[in-house]
Amino acid sequence: MNSVLKIEDLHVKVGETPILTGVNLEVKQGEIHALMGPNGSGKSTLAYALMGHPKYEITHGKIEIGGVDLAELDACERARLGLFLAFQYPVTIPGVKVADFLRLAISNIRNPERKEGENLMPMREFRTELRQTMDQLNMDSEFARRYLNDGFSGGEKKRMEILQLAMLKPKFAILDETDSGLDSDAVRVVSEGLAKLSGPEMGVLIITHHERLLEYNEPQFTHVMLAGKIVETGDASLARELHENGYTEVRKRHPEEAALETEQETVAK
Ligand SMILES: Nc1ncnc2c1ncn2[C@@H]1O[C@H](COP(=O)(O)OP(=O)(O)OP(=O)(O)O)[C@@H](O)[C@H]1O
Ligand SMILES: [Mg+2]
């Protein structure tokens, strides 16, 4: 049965500052959603709240996967329910090879009862699966022998992200691609990789300013966030319109939220 990631009237604050003020969003397995919005509108905040980052306090509303409330679950338990966040492991872990990391992650997700140090996925089975997946993605097998994110270029970090997606096969993938420092090669890696991997089993929420990503992965739904709320939802044509014209028209259509934006900026200054 298809599962649903459901966000209901979500309010999130950071410290004393309310950032999200009532977000509603439903992503079903197999759907591609784009989340757009000007800088500072709260997109990454939503992603962090989904992950359960301790700095992002949920003051009202809830997040559910397949009817299970995520409130009390840590990042690992959320991953077991099928949630994947692209920035979840951006850290460099010296001494841990890509392959070892993936084997541990996959063992945790596939065997929820696993205790630390026990029941790793059998090496041979893992190696075969890893090799097949890397072939499918046209990746050099040498990559799996490198240390995790250590000296990875932007493009290689993105390859790692796609390899994780392919191996972990999450039900819901949240990709926060805000890094404007990505060169066109890196953007192509995610765009093409995601297009290869998404399908009826995976629901995707793409947070991005990159036009290319959405060209390769046409969203069925585009949501626009303004001052901590989703103010509009449309289809792929809305994403195209925003890429061409920016947010001026959206702000005119939602003067109340636009006013809040300027207010927040004044407070920040
Ligand atoms: N850890 C934090 N500490 C303080 N303020 C924060 C924190 N995280 C987010 N904020 C504030 O919340 C607001 C929303 O930020 P957020 O990063 O969610 O925006 P965004 O939509 O992802 O923007 P961008 O398009 O630039 O990535 C901003 O005003 C930001 O300063
Ligand atoms: Mg962001």
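This text follows the structure it describes.
These figures come from a predicted structure and were not determined experimentally.

## Concerning the side chain of Q29
Stage number 1. Relative to the helices and strands, Q29 is located in the loop between β2 (17–28) and β3 (32–36).
Stage number 2. At a separation of 2.7 Å, a polar atom in the side chain of Q29 contacts the main-chain amide nitrogen of S3.
Stage number 3. A distance of 2.8 Å separates a polar side-chain atom of Q29 from the backbone oxygen of E201.

## Side note on the site of ligand 1
Stage number 1. Neighbouring residues of ligand 1: 14 residues in total, closest N39, G40, K43, S44 and T45.
Stage number 2. Here T45 contributes a side-chain N or O atom positioned 2.6 Å from an oxygen atom of ligand 1.
Stage number 3. Burial of ligand 1 by the protein chains amounts to 62% of its free accessible area of 630 Å².
Stage number 4. At three residues, helix α1 (residues 43–51) tops the list of elements feeding residues into the shell around ligand 1.
Stage number 5. When the residues that make up the shell around ligand 1 are grouped by side-chain class, the tally is four nonpolar, eight polar and two charged.

## Side note on the environment of G37
Stage number 1. By the element assignment, G37 lies in the loop between β3 and α1.
Stage number 2. In this structure G37 comes out as buried when scored by relative accessible area, which is 1%.
Stage number 3. As a C-alpha pair, G37 and T21 span 16 residues in sequence and 15 Å in three-dimensional space.
Stage number 4. If we skip the residues at most four places from it in the chain, G37 touches K43, H209, M225 and Y247.

## Focus: the pairing of β2
Regular strands have side chains that alternate between both faces of the sheet.
Stage number 1. In this structure, strand β1 (residues 4–14) lies alongside β2, joined through nine bridges in antiparallel fashion. Bridge assignment links L10 to a residue of β2, and that residue is V23.

## Section: the pattern of salt bridges
Stage number 1. Under the defined criterion, the tally for this structure stands at 15 salt bridges.
Stage number 2. Across the salt bridge formed by R145 and E142, the nearest N and O atoms sit 3.3 Å from each other.
Stage number 3. For E142, a relative accessible area of 42% gives the class partly exposed.
Stage number 4. Close ionic contact of E161 with K158 constitutes a salt bridge, the shortest N to O distance being 2.8 Å. Of this pair, E161 and K158 both sit in helix α5 (residues 154–168), three residues apart, roughly one helical turn. Here E161 matches K158 in class, with each residue buried.
Stage number 5. Overlapping salt bridges bring together R110, E129 and K169 as one network.

## Focus on the packing of α5 against helix α6 (residues 184–197)
Stage number 1. At their nearest, the axes of α5 and α6 sit 8 Å apart, and the two run at 10° to each other. Classified by the interaxial angle, the pair formed by α5 and α6 is roughly parallel. The segment α5 lies against α6, with G154, G155, K158, R159, E161, I162, L165 and A166 engaging D185, A186, V189, V190, G193, L194 and L197.
Stage number 2. A breakdown of the residues in the contact of α5 with α6 according to their chemical character gives eight nonpolar, three polar and four charged.

## Re the nonpolar core
Stage number 1. By size, the foremost hydrophobic cluster in this structure holds 46 residues, and its most contacted members are L102, F126, L130, M160, L163 and L165.
Stage number 2. For this core, the leading source of residues is α5, giving seven residues.
Stage number 3. Residue contacts for F126: discarding those within four places in its chain leaves A99, L102, R103, I106, M121 and M167.

## So, the packing of aromatic side chains
Stage number 1. In total, this model carries two aromatic pairs according to the counting rule given.
Stage number 2. On the numbers, 4.9 Å between centres and 15° between planes, the contact of Y48 with Y56 is stacked.
Stage number 3. Of the residues examined, Y48 reaches a relative accessible area of 26% and is grouped as partly exposed.
Stage number 4. Looking at Y56, the relative accessible area reads 18%, which means it is buried.
Stage number 5. Taking 5.2 Å as the distance between ring centres and 35° as the angle between the ring planes, the aromatic pair formed by F143 and F152 counts as tilted. Here F143 and F152 have matching classes, each one buried.

Rules of the game
- Residues numbered from 1 in each chain as written.
- Chains lettered and ligands numbered in written order.
- Predicted model: local features only at pLDDT ≥ 70, side-chain atom pairs only at ≥ 80, totals over all residues.
- Heavy atoms only, no water.
- Helix = DSSP H or I, 4+ residues; strand = E, 2+ residues; numbered from the N terminus.
- Polar contact = N/O pair within 3.5 Å; in protein donor to acceptor, adjacent residues only side chain to side chain.
- Near = heavy atom within 4 Å.
- Areas by Shrake-Rupley, 256 points an atom, 1.4 Å probe, with all protein chains shown as cover.
- Nonpolar A, V, L, I, M, F, W, Y, C, P; charged D, E, K, R; others polar.
- Buried < 20%, exposed > 50% of the residue type's maximum accessible area, 1.4 Å probe, protein only.
- Contact = heavy atoms within 4.5 Å.
- Pairing = 2+ DSSP bridges.
- Salt bridge = Lys/Arg side-chain N within 4 Å of Asp/Glu carboxyl O.
- Axes fitted to C-alpha atoms, helices over the stretch in contact; angles between N-to-C directions.
- Parallel < 35°, antiparallel > 145°, perpendicular 65-115°, else oblique.
- Core = buried A, V, L, I, M, F, W, Y, C linked by side-chain atoms within 4.5 Å.
- Phe/Tyr/Trp six-rings, centres within 6.5 Å; stacked < 30°, edge-to-face > 60°.

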